[in-house]
Each structure stands twice: as structure tokens, then as C-alpha cells.
Amino acid sequence: MKSIKASTITMKTVIYIVCIFLSLLSIFPFWVMIMNATRSTYQIQQTSVALFPGKSLVNNWKILTGKSFNPWVGFVNSMIISTGTTICAVYFSSLTAYALVAYTWRLRNAFFSFIMAVLMIPAQVSGIGFYQFMYKIGWTNSLLPLILPAIAAPAMVFFMRQYLMATLSLDIVASARIDGSGEFRTFNQIILPIMKPAMATQAIFTFVGSWNNLFIPLILLTRQEKYTMPIMVSLLRGDIYKTEYGSVYLGLTLTVLPLFVIYFILSKYIIAGVALGALKE
Amino acid sequence: MAGPPLVPYHEGGTEEACLFLYPDHENLHDAKEVSVMKRTMRILLMMALVASLAVSLFAMGAGEAPKDTRKIINLWSFTDEVPKMVEKYKQLHPEFDYEVRTTIIATTDGAYQPALDQALAGGGDNAPDLYCAEAAFVLKYTQGDAAHFAAPYKSLGINVDAKLKEADIAPYTVDIGTNDAGDLVGLGYQATGGAFIYRRSIAKDVWGSDDPAFVTSKVGPGWDRFFAAAEDLARKGYAIVSGDGDIWHAVEGSSPQGWIVNDKLFIDPTREAFLDMSKMMLEKGYNNDTTDWTDAWFADMKDAGSKKVFGFFGPAWLINYVMAGNSGGSKPGEGTYGDWGVCEPPVGFFWGGTWVLANNQSPVKNGVGKLIEWITLDSSNTGLQYYWANGTLDGPGGTKDTVASGTVMKKSDGTLPFLGGQNMFDVFVPAGAFATGKNKTQYDETINIYWRDQVDNYANGMKTKAQAIADFKRVVADNLAIDI
Amino acid sequence: MARKGVSYAKWGYIFSIPFVVTFIIFSLYPTLYTVVIGFTDLRGLGKTTFKFLSDPFANFTAILANVTFKQSLANTAIIWTMNFIPQITLALLLTAWFTTRRFQVKAQGAFKVLIYMPNIITAATIAILFNALFGYPKGPVNDLLIRLGFLDAPSNFHLQKWTSKGVIAFIQFWMWYGNSMIVLIAGVLGIDVTLFEAAEIDGANATQIFFRITLPRLKTIVLYVLITSMIGGLQMFDIPRLYNLGRPDNATLTSSVFIYNQAFSGSYLYNRASAASMIVFLIIVVLSVALFFIMRDKDEVKARKLERQIKRRGGVA
């Protein structure tokens, strides 16, 4: 008895030490970023990494807003795009994954292989052709082409499928059918709740990825009122000798803040110590 | 991952997607996409342009710009410099009733050129009318693959020859801005001819005098004298420059030939000599072994490095935008502020600058022509050049800078407290004259990166010279498909 | 399965429609186009016509013979391995710690939140930060090592090949191990609680529970992490490019950066870039198939084989 307790305590000490170390390691760049947001460009050029704040916060803010950076507009646009992308991706990926797991149909395996193949296509291959295509059909300066393609998200379909394969029992589906529920209703009301942890985690990843996405929005959105937050931050960088580093870091900090909020909101699904499994006897 | 990389997958890059520029249009037929309306518009525009070009051909010399068919100008830039200039122009000329739509995409993420290229190729209402190109890639737009988009200045209603002479524009910027047919398609508003910026107190300590003419004779002309001066400085414990990057711009800019000669890679002997220069400086302690644009390089501007650094190579913007703020003070006496002087460099070079171009498919050439002329060729006291040189664009007390027009610089006041009261134009005007634009290629940005990488390896003893050169050639061939 | 003469199979097709339609609209044309370009002579900016090469595989052979390409593949493999092994080990370890009920790690929530955070920050910011961290001759790491006595003089980290590779591997590891951990934890949360309770009643200790119950049921999720990490890893782009552009001497050049350079560093060799993309794609496919094969559920395979035999014999065993 005693030895088990002792070993548990040493184990726990080890765990705490490691976790605290990792946490500090994780916070470090954010800390530097926030510190740099309060220092002037010249201070940053002299020492890029500092642990203590400077006095240039107000000045940096003035430069930021002076360069027609309207954080509110950027925030709204980024919010629309990221939320739309997340909802589309999560919902439709779950639907597609459900199709792959719950039903046996002839093309099922071929379709899955197809999705995997799409996943393996290097991102570069279709990225450019995509925006060039958008220019051709005149669909620039609109937020829709940044949201709709997320309906087809191979990585997420893959994840949801793996998750369903491990956690879904077809008995539930069968019993729902017996109860007279239509397939679509079964999916929405019974399956989706089971997938909450999977959906929450993927939602976070998608939201973050979409929020931070710079390149395609940069090329497709050329009117100022459509700019997203990362685009606005990139406006602060000019020629290498004219970049206002202090304001850039301030802009980056502002860009990251909403992500923290969303993350904290969704993270309770991951923190939950109780499994959200659906099979309770 | 298919589609735009919005949904991130584990570890891949989602932001900087690679780019394949598809050719625009009709060849790759997408029948429903190319709307009939668009096609008709394009044909009409073409006819209008041909007609107007025909008319202007008959007006000799000073071309008559075609009539503008709309009142919107699309301006593309990578900083807010040119947009701010345009705002000033509209203040000064309230009768200029065009609406200017600005698109700013920074170059630092490599996104500016692809977006610009796409917008130029795409044409239509959103195509740029007035666009900017930086020194690092301007050749592509004036003489290289994208040169066919640029409109000759004379087709914008500008009397090019007369104006060039009147404004006494530095020849190198004209060379860079002239296309293969001999027409001027782009000009820079800054003059970025380089000089040598040195510490007065160190000059006095080593040689007894800090007078610019005296220092000029000590550090040049030619590299032999420069390194002799380096030896003098080293004996007293000073480094002549901060890192090898500092002299690279001068070496590169002054070599007789560029990287491509007769469609093959060519290593000019003056550039090849840089390999040994770099190694020697390291071995003899002539520099602090820093890399430009890193913390340590900036620190050397205020004597925070291991050895005090005598000087930096650069154009006026280096003084005003980089060194002044990093000198550890903001008035004479604080840090190294006020302890600097500027003199002619051992060899002539230029570094950086922004060129402005017009789209030859633009329907607003008249308006664009007025803007371009005011920005680059107007040498009067209400031209941009004058405001820029004197730092009065946003009201008094702004940052001064050297401009392309020699006429303007001669009548402007370039004294800077940072330089101990010296008038920087006295040095930069001749410096501009002896810079050359004939040794540049559109591949320079990339080739220079590879070259300096190999030089670093050789100077630090990690390779032999033959190996470094061989690797350099191979990397250029592998990545750029240039014959070696 | 309810098979009262009603086949639900059609729902499989119906539910897959949104995915297929979206893919066709937004990705099919660009992807096919790139594939086609690999066989042509399209290079240079703004070209609109291209010809198919007389030797259709000329671009492919050129790429395969390209020394820099081969270097980039080797680098990608090395850096990925250096990144992934610590990553998956640590992620599994943390998952084990956090989901073992016996340990009751307090402030678990806070730890999980903090450990995931590096994933939120953009790659560009991190790359620049780390570049500055390892600055020479003055930089935080140099200063620290000198003060602690490990170095006498500053060391030029950016010129050292293995150090650079290591830094990039570290950055990738650091940015993604939290992500992996969360994915694994989500997978564990889906495992039926009663199994754990039963095992504890039977007297199993934490290690046994983890290896005998948790891990096997996590297999599908672990496969997901492996495959996506591999695919992502083979396309490592932001960090290598923004950290030091593939220097020193191409030591940190990865295949994606190589492809990008082919298309964008001045010569616009779109045909070669396409060919290289396709080669990388084939490599990914081969490796993924291998992974799937290794991690296959042997019981399921046997069951399917049996099913097929039954069908062949006419329905009844």
C-alpha cells in the first residue's frame, strides 16, 4: 500500500515539474510578443527578445491606427470568415464521415481513398489555381470564396471517420430507426452530440487556421473594407527599413486576442474529465 | 489538400501557399466564365486605345495623352509612401477630381508580386493603373517578363526628354526604368546612390581629421585604399565596417557586369573577389562578423558591439530611417548621434528605391500621367521631389531624403544634425551620378541570396573556394534553370 | 443491421454530395490543370500558350536528377523524424498522465490550455522570433550560453547545418505537440468509461490500463495523427522558409520550399514545379499506404475476407 502511494507521489511530482516547464515554454513567445508591443521599433531592432515592457505602447497604437488600421473592421471580417469556415467544415465533415461509417455502400472504400488522395495533394498545387480561378470569374473582394470551400475538408473528414469508427456503435442508429427517426434527423439529434469532443477540437483548429490565414485573403481581398486582421497587420510592414516593428507586434497581439477567447470557450470540452461517451447502460 | 488551404492539417504551411500562375483566358476555354460582356468591353477598349495611340503618333514629340474614359485610378503599392504622395497632390490640385483606390500589399511575405502580376494579367476594371516596384524586382517590370504591361511615359502625355534634362535625373534610375525598346517606362522618386557614412570621432582618433574630403581620400577610390584604411583602424582596435554585408552592396553595385551574360551565369571578377574580401576581413578582424538587419548590426550603430565600428555603406535612407533611430540618442551628444559624417564611397553603387509605372492598358492615362510627372519629373518647388527632399510633405520637420532630381537637391537643404550639421546632398548628388543600373538582372534577389550563403560558408572556413563556387553554380542552375 | 428490404445505402451517397460538389467546384480544375502542366513547357511569367513536350517525362527526369531536390527530400525526412518522434512520445505521455484517473493532476485544465497555445500563434512570428533568438554575434541564446559558461565566444548558429535543422525540428515540435495531445485526449474521451472502471476493479495499475485498454482503442486516432503529421511534415513550408530561407547551404531546404522556389524565385518554372509536386504527391501516397497497411486492424481484415468468401459461395456459410 505504502509503496503504491509513494510511487504515485513521485510520479505526480515529475508530472507537475514537466507540465510547469512545458507551460512556461509555451507562454514564452506570447510574452515576448506582448513585451515587444510596448517597445519602439528601434528598441526591437537592437534587441529582438526582451522580457520586460517598454514605454511605447501609446505611440505604437497611434502608428497602428494612423495607417488606416481599423481593428474593428478587420475583426468583423475575420470573425465572419472564421466562423463560417468552422461551421461549414465541422458540420459537413461530420456528415461525410458519418456516411463513410454508418452505411455500407458500394463506392464507400473508393470514396474514402479518394478523400485521402485529395488530402495528400500538396497544398501549393491548388492554392494558386484557386485564386486565379476566382479572379477569372470575378469573385474577388467577397468573403464567400473564403468560406465555402471549407465544406470539403479532407483532413477533418479523416479525423471524424477515425473517431466514429472508434466510438460509434451502430446499435444506436438501429434503435433510432426503429423509433421511426429519419436518417437526417438521426444524424443531427443523436450522432452529433456524440461527436462533441471531436467537433470541439477540430473547431478550434479550423478557427485558428482560418483566422491566421494570410495568403489567399491577401490576394483575393483588395478593398480596404474587406480586409481581415492578418492583412491589416501585414500593411504595417513596408520596406525592410520602414517597418514599424513595435506596431507590428501590437497588431499581432490584437490578432491573437480573439483566438484566446474562442479557445477558452471551446476548451471546456477538452478539459472535461468525464468521457462524453454515449453508451451508458 | 484540395481547395484553398483553409482547414489546416497537421504541421503543413497554410499561409504561404505556393503559387502557380495560370495563364489568363481564352486558350483554356471556360466558355461560361468569359462573359460576352467582358470580351466586348475589352475589344472596345483596345479599339479606343489603338485609335488614341494613332492620334498621339501624329502629335510629334510631346505626346498627347488619350482621353480618360473613367475617373477612378487604381493605385498599387507596397508601402504607404506613394498613396500619401497622391493625397498631397490632391490637396495641392483640387481640380484633380479622380478617385484613387489604393491597394497596399507588403513585400515582406512575398505576396506583392504574385498579386500584382495576377491583377495586371487579369485586366479589367480592377487592374492597376499606377503601380510601384522596388529595386529588388523592378527589372522584371521594366525590362523582364512583365515589361509588356508597362506604358512608356511619353504615351502618358509627358515630354520625357525635356523633363529628364530639366530635372537632372540620376542616370542609373533612367537606365533601370528604360525598356528594351528604349522607352522610359519607370522612374524612381528617391535617389538611392550610396555613400560611406563614418564616425567623425574615430576618424579624428586614427588620422587626425574628420573632414569628408579627407576621409574620401583615405577610404578610396578603390578597394585597395579601403583595406589600407581598415588596417590603420584595426591597429587602433576599431572595425571598419560591421559585417561583410556592408561592403557587399558596394561590390555588387559597382561590378562592370551582372550575373547573366549571354544567357549564362557569369561571375564578375569584382564579385568573385568578394569571397576573399570577406574571408580576409574576418581573419584580420576588420569587422564584427554581423549579418545585416540583425540585432548585432543595429547595435553597432551605437557602439554596442565588440569593437567600435567606423562606418556603414548606404544611401540617404539608411541614415534617416535606420541609423538615426538606432544611434542611441535623438540629439547631438546622445549616443553616437551627431558624430557621423558622410563621404564618397570607394566605388559607386545604389541600393533600393521605388519605381513608379503605369499600365499600358489603363483607361486613365491622362490622370496617371499627371501623377507620375509630379512624383518623378517635377523639379519645381511644388513638385513632390522638393517636398520629399526637404522633408516637408506632411508639414515641416519631416525626414529628409535624397531624390532623383539633381536640380532639386541642389536647391534643397540637406543639412542634418545627425551628421554634425553636414549637408548630405553635397555627397549624394555626385554619388548618384556614379551609380550604374546596367549590371542588374531580374534574378538578382535570388542569386544574391545564394551567393552570400556560399560566401559565408567559405569565409568561415567550411568550404574551399572552388567548392563554394561550384555549389553556387549548381544551386543557381537547380533553382533557376540558368545555364552555367 | 436492419435490412427489412430497405437499403439505407443510398444515404451514404446523399450525405457525401456536399463534399463532392464543393471539391469539384473549387479544386478540380486547378488540380487537373497543374497535373497537365507537368507535361508541358510552360515557364515564364504571363505566358498563355504551352506545348506538350515531345518527351512527356522530361520535367520529371529533370527534377529527379536535380541535386537540390534530392537534398530537399532528405532534409524533409530528417527534420520530420527529428520533430515527430519527440512529439508523439510527449503527446502520448501527457495524454496518459492527464487521462489516468488515479493521478488526478490538478490544474489539468490550465496545463492543457497552455500547452496547446503555441499552435495559435502564426508560423511567421515564431520563425522570426527564433531567428532572432539564435542571433550571432549577439543573441539571447548566445548570451545565455556564454554566461552559463558553456561557450567562450559567440557561436554562429545560423551557419551550422545540424543546429539549424534541429531548431526547425524543435519549432515544429513545439508548435504541434499540444495539438497532437489534444487530438489524442479527444480520442480517449470517446472510450467507454465503464471499461476503465472494470479494469480498475480488476486491480490493473495505470501503466497496464494505458497500454492494454487506452492505446489499442486509440489506434485509429493515432493513425490519424501519424498520417496527417506525415503529410503535413512532408509539406513543411512556413517555418523553413521564414526561419532562414533554407540556409545554410540548403541544409534546411524542404521539398515544399524547393517547389515554391522553382515557381517563384525568378524563373517561373511552372512546369518543373508541377512535376516536382506530383513526385512529392506520389511519395506521400506510397508512404501513407504503407502506414495504413502497418496499422491495419487485422481482425477487421480477416472478417472482411471471410465475408467475401461467404458471398462467393452464395450467401450462407
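Residues numbered from 1 in each chain as written. Chains lettered and ligands numbered in written order. Predicted model: local features only at pLDDT ≥ 70, side-chain atom pairs only at ≥ 80, totals over all residues. Heavy atoms only, no water.

**Looking at the overall build of chain A**
Thought 1: Each helix and strand in chain A was counted, giving 14 helices and zero strands.
Thought 2: When its helices and strands are written in sequence order, chain A yields α-α-α-α-α-α-α-α-α-α-α-α-α-α.
Thought 3: When burial is assessed residue by residue, chain A has 61% of its 281 residues classed as buried.
Thought 4: For chain A, contacts bridging at least 24 residues in sequence account for 72% of all contacts bridging at least 6.
Thought 5: When the accessible surface of chain A is totalled, it reaches about 10,900 Å², and 70% of it is carbon and sulfur. (Helix = DSSP H or I, 4+ residues; strand = E, 2+ residues; numbered from the N terminus. Buried < 20%, exposed > 50% of the residue type's maximum accessible area, 1.4 Å probe, protein only. Contact = heavy atoms within 4.5 Å. Areas by Shrake-Rupley, 256 points an atom, 1.4 Å probe, with all protein chains shown as cover.)

**What to know about the overall build of chain C**
Thought 1: Within chain C, the secondary structure is distributed over 13 helices and zero strands.
Thought 2: Compactness check: chain C gives a C-alpha radius of gyration of 25 Å against a globular reference of 20 Å for 317 residues, more than 25% above the reference.
Thought 3: Looking at chain C as a whole, 56% of its 317 residues qualify as buried.
Thought 4: Here the analysis covers contacts within chain C between residues at least 6 apart in sequence; of these, 66% occur between residues at least 24 apart.
Thought 5: Of the roughly 13,800 Å² of accessible surface on chain C, 66% is carried by carbon and sulfur atoms.
Thought 6: Distance between charge centroids for chain C: 6 Å, based on 30 positive and 14 negative side chains. (Rg over C-alpha atoms; globule rule 2.2 N^0.38 Å. Lys, Arg positive; Asp, Glu negative; His and termini not counted. Charge placed at Lys NZ, Arg CZ, Asp CG, Glu CD.)

**A word on the interface of chain C and chain A**
Thought 1: Between chain C and chain A, the contact holds 81 residues from the first and 96 residues from the second.
Thought 2: Buried surface at the junction of chain C and chain A, summed over both partners, amounts to about 8,000 Å²; 78% is from carbon and sulfur atoms.
Thought 3: When residues of chain C are sorted by the area they lose upon contact with chain A, Phe-15, Phe-19 and Phe-26 of chain C head the list and together hold 11% of the total.
Thought 4: For the interface between chain C and chain A, the tally reads zero salt bridges.
Thought 5: Taken together, the connections running from chain C to chain A amount to four residue pairs in polar contact (both at pLDDT 80 or more).
Thought 6: For the side of chain C that touches chain A, the element with the most residues is helix α1 (residues 9–37) of chain C, which contributes 17 residues.
Thought 7: Across the side of chain C that touches chain A, the residue classes tally to 56 nonpolar, 19 polar and six charged. (Buried area = accessible area lost by both parts, 1.4 Å probe. Salt bridge = Lys/Arg side-chain N within 4 Å of Asp/Glu carboxyl O. Polar contact = N/O pair within 3.5 Å; in protein donor to acceptor, adjacent residues only side chain to side chain. Nonpolar A, V, L, I, M, F, W, Y, C, P; charged D, E, K, R; others polar.)

**Focus on the packing of aromatic side chains**
Two measures describe an aromatic ring pair: the distance that separates the ring centres and the angle between the ring planes.
Thought 1: For the structure shown, the criterion picks out 78 aromatic pairs over all chains.
Thought 2: Their ring planes at 50 degrees and their centres at 6.0 Å tell us that Phe-184 of chain A and Phe-15 of chain C sit as a pair that is tilted. In this pair, Phe-184 of chain A sits in helix α10 (residues 183–194) while Phe-15 of chain C sits in helix α1, so the two residues belong to two different chains.
Thought 3: Judged by relative accessible area, Phe-184 of chain A falls into the partly exposed class, the value being 41%.
Thought 4: For the pair Trp-293 of chain B and Trp-351 of chain B, a centre-to-centre distance of 6.4 Å together with 70 degrees between the ring planes defines the contact as edge-to-face. With Trp-293 of chain B in the loop between α11 (269–284) and α12 (295–299) and Trp-351 of chain B in the loop between β11 (340–343) and β12 (354–358), this residue pair connects regions lying 58 residues apart in the sequence.
Thought 5: Within the aromatic cluster, the residues linked to one another by ring pairs are Phe-196, Tyr-198, Trp-207, Trp-223, Phe-226, Phe-227, Tyr-286, Phe-310, Phe-313 and Phe-349 of chain B.
Thought 6: The ring of Trp-340 of chain B is capped by Arg-199 of chain B, whose NZ or CZ atom sits 5.4 Å from the centre of that ring.
Thought 7: Stacked on the ring of Trp-162 of chain C, the Lys or Arg Lys-165 of chain C has its end atom at 5.1 Å from the ring centre. (Phe/Tyr/Trp six-rings, centres within 6.5 Å; stacked < 30°, edge-to-face > 60°. Lys NZ or Arg CZ within 6 Å of the ring centre and 35° of its normal.)

**Side note on a positive patch on the surface**
Thought 1: A contiguous patch of positive charge, built from Lys-305, Arg-308, Lys-311, Arg-312 and Arg-313 of chain C, is present on the exposed surface.
Thought 2: Mapped onto the elements of the fold, Arg-312 of chain C is located in helix α13 (residues 298–312). (Patch = residues over 30% accessible without salt bridge, like charges linked within 9 Å, V, L, I, M, F, W, Y side chains within 5 Å.)

**Focus on the environment of Phe-173 of chain C**
All names here are of chain C.
Thought 1: Tracing the sequence through the fold places Phe-173 in helix α7 (residues 161–189).
Thought 2: Using a relative accessible area of 11% as the deciding quantity, one classes Phe-173 as buried.
Thought 3: On a C-alpha basis, the gap between Phe-173 and Thr-163 in space is 15 Å, while along the polypeptide they are 10 residues apart.
Thought 4: Apart from residues lying up to four places away in sequence, Phe-173 is in contact with Asn-83, Pro-86, Gln-87 and Leu-90.

**With respect to the sheet that holds β12 of chain B**
To summarise the sheet geometry, strands pair through backbone hydrogen bonds and adopt either a parallel or an antiparallel arrangement.
Residue and element names in this part refer to chain B.
Thought 1: One open sheet holds the five strands; their spatial order is β2-β1-β3-β12-β4, and the pairing between them is mixed. Taken across any chain shown, the strands that pair with only one partner, and hence form the sheet edges, are β2 (99–104) and β4 (186–188). Across this sheet, the average inter-strand angle for adjacent strands is 25 degrees, counted without regard to direction.
Thought 2: Those strands touched by helix α14 (residues 365–377) are β1 (72–77), β3 (130–134), β4 and β12, and its axis lies near 160 degrees from that of β12. (Pairing = 2+ DSSP bridges. Axes fitted to C-alpha atoms, helices over the stretch in contact; angles between N-to-C directions.)

**Observations concerning the sheet that holds strand β5 (residues 195–199) of chain B**
Residue and element names in this part refer to chain B.
Thought 1: Pairing is antiparallel across the open sheet formed by three strands, whose spatial order is β10-β5-β11. Two strands bound the open sheet, and with one partner strand each, they are β10 (311–314) and β11. Each adjacent strand pair in this sheet contributes to an overall mean axis angle of 25 degrees, direction not counted.
Thought 2: With four bridges joining them, β5 and β10 adopt antiparallel strand pairing. Looking at the pairing, Phe-196 lines up with Phe-313 of β10.
Thought 3: Of the strands in this sheet, β5, β10 and β11 touch helix α17 (residues 425–433), which is tilted by about 30 degrees from β11.

**A look at the pattern of salt bridges**
Residues and elements named next belong to chain B.
Thought 1: Taken as a whole and assessed by the stated rule, the structure comprises 30 salt bridges over all chains.
Thought 2: The partner of Lys-71 in a salt bridge is Asp-97, with the nearest N and O atoms 3.1 Å apart. Here the residue Lys-71 occupies a position in the loop between α1 (36–58) and β1, and Asp-97 occupies one in the loop between α2 (81–92) and β2, the gap between them amounting to 26 residues.
Thought 3: By relative accessible area, which is 43% here, Lys-71 ends up partly exposed.
Thought 4: Overall, Asp-97 belongs to the partly exposed group, its relative accessible area being 48%.

**Observations concerning the side chain of Asn-448 of chain B**
All names here are of chain B.
Thought 1: Positionally, Asn-448 belongs in helix α18 (residues 444–459).
Thought 2: Classification of Asn-448 as buried rests on a relative accessible area of 12%.
Thought 3: At 3.0 Å, the side chain of Asn-448 forms a polar contact with the side chain of Trp-259.
Thought 4: In contact with Asn-448, not counting residues within four places along its chain, are Trp-248, Glu-252 and Trp-259.

**Focus on the packing of α1 of chain C against helix α12 (residues 270–294) of chain C**
Residues and elements named next belong to chain C.
Thought 1: In contact at an axis separation of 7 Å, α1 and α12 are set at 110 degrees when each is read in the N-to-C sense. When the axis of α1 is compared with that of α12, the two are roughly perpendicular. Within the contact between the two elements, α1 uses Thr-34, Val-35 and Ile-37 and α12 uses Tyr-270, Asn-271, Ser-274 and Met-278.
Thought 2: Of the residues that constitute the contact of α1 with α12, the class distribution is four nonpolar, three polar and no charged. (Parallel < 35°, antiparallel > 145°, perpendicular 65-115°, else oblique.)

**Describing helix α11 (residues 196–212) of chain A**
Thought 1: The end-to-end C-alpha distance of α11 of chain A, which contains 17 residues, comes to 24 Å, matching closely the 24 Å that a straight helix rising 1.5 Å per residue would cover.
Thought 2: In terms of burial, α11 of chain A is largely enclosed, as 16 of its 17 residues are buried. (Expected span 1.5 Å × (residues − 1).)

**What to know about the environment of Lys-67 of chain B**
All names here are of chain B.
Thought 1: Position of Lys-67 relative to the elements: it lies in the loop between α1 and β1.
Thought 2: Residue Lys-67 is classed as exposed on the basis of its relative accessible area, which comes to 75%.
Thought 3: In this structure, the C-alpha to C-alpha distance between Lys-67 and Asn-366, residues 299 residues apart in sequence, is 6.6 Å.

**Digging into a nonpolar patch on the surface**
Thought 1: Together, Leu-107 of chain A together with Tyr-13, Ile-14, Ile-17, Val-21 and Ile-25 of chain C make up a nonpolar patch on the protein surface, roughly 510 Å² of accessible area in all.
Thought 2: When you line up the elements, Tyr-13 of chain C lands in helix α1.

**Regarding the pairing of β12 of chain B**
All names here are of chain B.
Thought 1: Taken across its five residues, β12 has five buried, putting it largely inside the fold.
Thought 2: Here β12 shows two buried faces, one formed by Thr-354, Val-356 and Ala-358 and the other by Trp-355 and Leu-357.
Thought 3: Here three bridges tie β4 to β12, and the two strands are oriented antiparallel to one another. Across the sheet, Gly-188 pairs through a bridge with Trp-355, a residue of β12.

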